[in-house]
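Residues per chain, in single letters:
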Amino acid sequence: MQPLWLLATLLALGQALPFEQKGFWDFALDDGLFMNDEEASGADSTSGAPDMDSVTPTFSAICPFGCHCHLRVVQCSDLGLKNVPKEISPDTMLLDLQSNDISELRKDDFKGLQHLYALVLVNNKISKIHEKAFSPLRKLQKLYISKNHLVEIPPNLPSSLVELRIHDNRIRKVPKGVFSGLRNMNCIEMGGNPLENSGFEPGAFDGLKLNYLRISEAKLTGIPKDLPETLNELHLDHNKIQAIELEDLLRYSKLYRLGLGHNQIRMIENGSLSFLPTLRELHLDNNKLSRVPAGLPDLKLLQVVYLHSNNITKVGVNDFCPMGFGVKRAYYNGISLFNNPVPYWEVQPATFRCVTDRLAIQFGNYKK
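How each quantity is defined
Residues numbered from 1 in each chain as written. Predicted model: local features only at pLDDT ≥ 70, side-chain atom pairs only at ≥ 80, totals over all residues. Heavy atoms only, no water. UniProt positions renumbered as here; feature names shortened; annotations may be inferred. Helix = DSSP H or I, 4+ residues; strand = E, 2+ residues; numbered from the N terminus. Polar contact = N/O pair within 3.5 Å; in protein donor to acceptor, adjacent residues only side chain to side chain. Phe/Tyr/Trp six-rings, centres within 6.5 Å; stacked < 30°, edge-to-face > 60°. Buried < 20%, exposed > 50% of the residue type's maximum accessible area, 1.4 Å probe, protein only. Contact = heavy atoms within 4.5 Å. Core = buried A, V, L, I, M, F, W, Y, C linked by side-chain atoms within 4.5 Å. Salt bridge = Lys/Arg side-chain N within 4 Å of Asp/Glu carboxyl O. Disulfide = S-S within 2.5 Å.

Looking at an unreviewed UniProt entry, the protein carries the name Biglycan, with the source organism given as Fukomys damarensis. If you open the UniProt record of the protein and go to Function (unreviewed entry), you find "May be involved in collagen fiber assembly." Quoted verbatim from the Sequence similarities (unreviewed entry) field of UniProt, the annotation for the protein is "Belongs to the small leucine-rich proteoglycan (SLRP) family. SLRP class I subfamily."

Positionally, Asp96 belongs in strand 3 (residues 94-96). The sequence separation of Asp96 and Tyr144 amounts to 48 residues, and the corresponding C-alpha distance is 9.6 Å. At 3.1 Å, the side chain of Asp96 forms a polar contact with the backbone nitrogen of Gln98.

Our next topic: the UniProt feature "domain: LRRNT" (unreviewed entry) in the protein. Residues annotated in UniProt with the feature "domain: LRRNT" (unreviewed entry) correspond here to residues 62-94. As annotated, residues 62-94 has a helix share of 0% and a strand share of 21%, and its two end C-alpha atoms lie 15 Å apart.

Next up on the list: the packing of aromatic side chains. Counted by the stated rule, this structure contains 8 aromatic pairs. Between the aromatic rings of Phe179 and Phe205, the centroid separation amounts to 5.7 Å while the plane-to-plane angle is 25°, which identifies the pairing as stacked. Pair noted here: Phe179 is in the loop between strand 8 (163-165) and strand 9 (187-189) and Phe205 is in the loop between strand 9 and strand 10 (212-214), with a separation of 26 residues, a long-range link. One exposure class covers both Phe179 and Phe205, and it is buried. The interplanar angle of 90° and the centroid separation of 6.1 Å between the aromatic rings of Phe320 and Tyr332 together place this pair among those described as edge-to-face. Pair noted here: Phe320 is in the loop between strand 16 (304-306) and strand 17 (334-336) and Tyr332 is in the loop between strand 16 and strand 17, with a separation of 12 residues, a long-range link. Summarising the burial analysis for this pair, Phe320 and Tyr332 share the class buried. An aromatic cluster is built from Phe320, Tyr332, Tyr344, Trp345, Phe352 and Phe363, whose rings are joined through pairwise contacts.

This next bit is on the environment of Ala218. Tracing the backbone through its elements, the reader meets Ala218 in the loop between strand 10 and strand 11 (233-235). Classification of Ala218 by relative accessible area gives buried; the value is 10%. Sequence separation between Ala218 and Leu236 is 18 residues, and the spatial gap between their C-alpha atoms is 8.4 Å. Beyond its immediate chain neighbours, meaning those up to four positions away, Ala218 contacts Asn193, Leu195, His238 and Asn239.

For the rest of this paragraph, the subject is the nonpolar core. One finds Leu105, Leu119 and Phe320 to be the most contacted residues of the largest nonpolar core, which totals 87 residues. Among the nonpolar cores identified, the runner-up in size contains 5 residues, and Val73, Leu94, Tyr117 and Ala118 belong to it.

For the rest of this paragraph, the subject is the pattern of salt bridges. If you walk through the whole model with that rule in mind, you get 11 salt bridges. Residues Arg165 and Glu163 are paired through a salt bridge, measuring 2.9 Å at the closest nitrogen-oxygen approach. Residue classification places Arg165 among the buried residues on the basis of a relative accessible area of 3%. Overlapping salt bridges, with partners in common, bring together Lys82, Asp101 and Lys125 in one network.

As for its position among the elements, Ser160 is in the loop between strand 7 (142-144) and strand 8. On the accessibility criterion, Ser160 (13% relative accessible area) is buried. With residues up to four places along the chain from it excluded, the contact list for Ser160 reads Leu137, Arg138, Lys139, Leu140, Gln141 and Asn184.

In this structure the tally under the stated criterion is 3 disulfides. Through a disulfide, Cys63 is tied to Cys69; the S-S separation comes to 2.0 Å. Across the S-S bond of Cys63 and Cys69 the torsion is about 85°, and the bridge reads as right-handed. According to the relative accessible area criterion, Cys63 is partly exposed, its value standing at 26%. For Cys69, a relative accessible area of 31% puts it in the partly exposed group. Between the sulfur atoms of Cys67 and its disulfide mate Cys76 the distance is 2.1 Å. As the torsion about the S-S bond is roughly 115°, the Cys67-Cys76 disulfide counts as right-handed. On the basis of relative accessible area, Cys67 is assigned to the buried category, the value being 12%. Sequence-ordered numbering of the disulfide-bonded cysteines in the protein gives the connectivity 1-3, 2-4, 5-6.

Laid out in structure tokens, this is it:
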């Protein structure tokens, strides 16, 4: 009996066409969801995508109608589904439900999926989530629920969660305690929501040890208070921030990448940047600055500065580089100043004495 079973299995495998996981992985790569070590801002190895080569193949006959199932990946994208499908194998690790018409996550929708690692619900119509919908997902690390109709952050998120992508929803408020118990979380992407500064309750991020936070394309007029002081990356681009005041960056001494492009920043108070001793990359492009921010020469590790598309009319000889040699620990490899009304022919060569290569400097192309 056993030889017959083995023969049948081999015949089935021999006739099966190789499965190409396009929809899920393309989405992940295009939106930068599976970040590499550098982009993950210090995230540990548990935050990366599972090594599918090391997963023991399973050949379960359970697969929802119309979906593609291979190894432990179940792909049910672009099927016009109204609800989470039934008959999902309990050993599933990646479940892709993006681009459907799901409007609600019910209590037992994920029952039995205790091994699920990543859940993709992007581009649906989800507006309601049962408070116990995610309870069975004890090993879930990545939840992508962007481009839906949510008006609040889902309650009772799994404590195992490492990465939450919830951008492009309708969230206006981040209440205190909504992230309670999420000790493993290191990445939150919540841009594209109509969030104002007043929408963050005091203590909203208490207990989180985030490395990466993005609140872009919102309605912020200033840098939010009380964000996690563990942050390595903070992205607040495409908001309405008008100024950086002295104490705005006080608690973020571990930042190495700060994104403030596409705002309305006219002023950066002297001394503001001194609280960022490990900063390596600073984005201040597409603002309304009239001069190079003070304090750049004191940032010994700074390597990239985006200042293009501002109103800068003058660049001083000591605006970027410290006085003397051997002071700066990492030379610049990128300074963008193009699309500013600065007469670049008047800038002294010594201004960029701490730049690795002259090609790293971008000037010109200013249009009134």
